[in-house]
Amino acid sequence: MIKPGWVDIVDEADMVVGQVERTPAWDATRHTPHRCIQVYGLTADGAIILAKRALTVSFMPGALDALVGGLPHAGETYDACAQRKLQAELGLNAPLTALTKLRDDETMTGQFAGFCQLYTVAIAPAVIQLNPANSSGLVTVSPTTLETWLTDATIVMTSATRHALAALAARG
């Protein structure tokens, strides 16, 4: 049964071991291992489309991030969550390609934080309508410059996005 407002707690094998209500206090810490999804846009020529976080968001304002991201409701699959978030955030109903599931460790502590399933969606930047409360614009990176971006510390992106882009680069 899917429980909106709740998230699954997972172990290091990505098996559900419990559930927790998603409250503002939990959102602020997220110390319970959980699942997430990220969707990256791909243009016809293979460029990756990223969102630039709005300057008004509390976590990493202005940083590059996934085009779509979120947490599955308790009992919801990664795939169902990715489709739901694509529809909710961009108004799109489009096929997604599941890439890989990354283990997520807290950047500061190295503590196991759960898993993040990565997806791509084939899309033209012109059809993307971002929510200005969350994103201030789009950035497109070509496959040939991706490696440079990953090693350039002056390009600010969330740690999850840096890991996701490295996984995308590894796929070629």
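Details of the structure are given in the entry above.
Owing to the predicted nature of the structure, the values given are computational and were not obtained by experimental measurement.

Caption draft 1: Summary view of the side chain of arginine 35. For arginine 35, the location among the structural elements is in strand β3 (residues 34–42). Polar contacts involving the side chain of arginine 35 include one to the main-chain carbonyl oxygen of aspartate 14, which spans 2.7 Å. Setting aside anything within four residues of it in sequence, one finds arginine 35 in contact with Asp8, Val10, Asp14, Val16, Leu71, Pro72, Tyr78 and Phe115.

Caption draft 2: The packing of helix α3 (residues 143–151) against helix α4 (residues 159–171), seen in detail. The geometry of α3 relative to α4 is characterised by a closest axis approach of 10 Å and an angle of 145° between their N-to-C directions. When you trace α3 past α4, the crossing you get is left-handed. Counting all contacts with α3, which are made through Leu146, Glu147, Trp149 and Leu150, the residues of α4 involved are Arg162, Leu165, Ala166 and Ala169. Its residues placed into classes, the contact of α3 with α4 shows 6 nonpolar, no polar and 2 charged.

Caption draft 3: Layout of the nonpolar core. Counting residues in each nonpolar core, the largest one holds 23 residues, and the members touching the most others are Tyr40, Ile48, Leu50, Leu118, Trp149 and Leu165. Among the elements that take part in this core, α4 stands out by supplying 4 residues, more than any other. For isoleucine 48, the contacting residues outside a window of four places in its chain are Tyr40, Gly41, Leu42, Val139, Thr140, Val141, Leu146, Leu165 and Leu168.

Caption draft 4: The arrangement of the packing of aromatic side chains in detail. Using the criterion set out here, one finds 0 aromatic pairs in the structure. Lying over the aromatic face of tryptophan 6, lysine 3 brings its terminal NZ or CZ to 4.2 Å of the ring centre. Positioned above the aromatic ring of phenylalanine 115 is the side chain of lysine 101, whose terminal nitrogen or guanidinium carbon lies 5.5 Å from the ring centre.

Caption draft 5: Fine view of the environment of glycine 114. Examined against the element boundaries, glycine 114 turns out to sit in strand β8 (residues 112–122). In this structure the C-alpha to C-alpha distance between glycine 114 and serine 142, which are 28 residues apart in sequence, comes to 29 Å. In this structure, glycine 114 is in contact with Val10, Pro33, His34, Leu102, Arg103 and Asp104, ignoring residues within four places of it in sequence.

Caption draft 6: Inspection of the environment of valine 10 at higher detail. Inspection of the secondary structure puts valine 10 in strand β1 (residues 6–10). Look at valine 10 and you get buried, because its relative accessible area is 2%. A C-alpha to C-alpha distance of 5.6 Å links valine 10 and proline 33, two positions 23 residues apart in sequence. For valine 10, the contacting residues outside a window of four places in its chain are Met15, Val16, Val17, Pro33, His34, Arg35, Phe112, Gly114 and Phe115.

Caption draft 7: Highlighting the side chain of glutamate 76. By secondary structure assignment, the location of glutamate 76 is in the loop between β6 (68–70) and α2 (78–90). Here the side chain of glutamate 76 touches histidine 73 through a polar contact of 2.8 Å, landing on its backbone nitrogen. Setting aside anything within four residues of it in sequence, one finds glutamate 76 in contact with Ile2, Cys81 and Arg84.

Caption draft 8: Representation of the pattern of salt bridges. Summed over all chains, the structure comprises 7 salt bridges. Across the salt bridge formed by aspartate 14 and lysine 101, the nearest N and O atoms sit 2.7 Å from each other. Separated by 87 residues along the polypeptide, aspartate 14 in the loop between β1 and β2 (16–21) and lysine 101 in strand β7 (residues 96–105) bring together distant segments of the chain. A relative accessible area of 38% places lysine 101 in the partly exposed class.

Procedures and definitions
Within each chain, residues carry numbers counting from 1 in the order of the written sequence. Totals for whole chains, interfaces and linings use every residue, but because this is a predicted model, local features are given only for residues with pLDDT of at least 70 and side-chain atom pairs only at 80 or more, for both listing and counting. Processing note: side-chain calculations cover all non-hydrogen atoms of the structure and skip hydrogens and water entirely. A helix here means a DSSP run of H or I that spans at least four residues, while a strand means a run of E at least two residues long, and both kinds are numbered starting from the N terminus. Whenever a nitrogen or oxygen atom comes within 3.5 Å of another N or O atom, the pair is scored as a polar contact, on the condition that within protein one atom can donate a hydrogen and the other can accept it, and that pairs from neighbouring residues in sequence are kept only if both atoms are in side chains. Residue contacts follow a heavy-atom distance rule, with two residues in contact if any of their heavy atoms lie within 4.5 Å. Axis geometry follows a simple rule: fit a line to the C-alpha atoms, using only the stretch in contact for helices, then measure angles between N-to-C directions, giving values from 0 to 180 degrees. Less than a right angle of anticlockwise turn of the near helix away from the far helix marks a crossing as left-handed, whereas a clockwise turn marks it as right-handed. Residues are sorted three ways: Asp, Glu, Lys and Arg are charged, Ala, Val, Leu, Ile, Met, Phe, Trp, Tyr, Cys and Pro are nonpolar, and all the rest, Gly among them, are polar. To define a nonpolar core, start from buried Ala, Val, Leu, Ile, Met, Phe, Trp, Tyr and Cys residues and group those joined through side-chain atoms within 4.5 Å. Throughout, exposure labels follow a simple rule: accessible area from a 1.4 Å probe, protein chains only, divided by the maximum for the residue type, with under 20% read as buried, over 50% as exposed, and the rest as partly exposed. Geometry of aromatic contacts follows a simple scheme: Phe, Tyr and Trp rings, the Trp one being its six-membered ring, pair when their centres are within 6.5 Å, and the pair is stacked under 30 degrees between planes, edge-to-face over 60, tilted otherwise. Any Lys NZ or Arg CZ found within 6 Å of a ring centre and within 35 degrees of that ring's normal is scored as a charge over the ring. Definition used for salt bridges: Asp or Glu carboxyl oxygen within 4 Å of a side-chain nitrogen of Lys or Arg.

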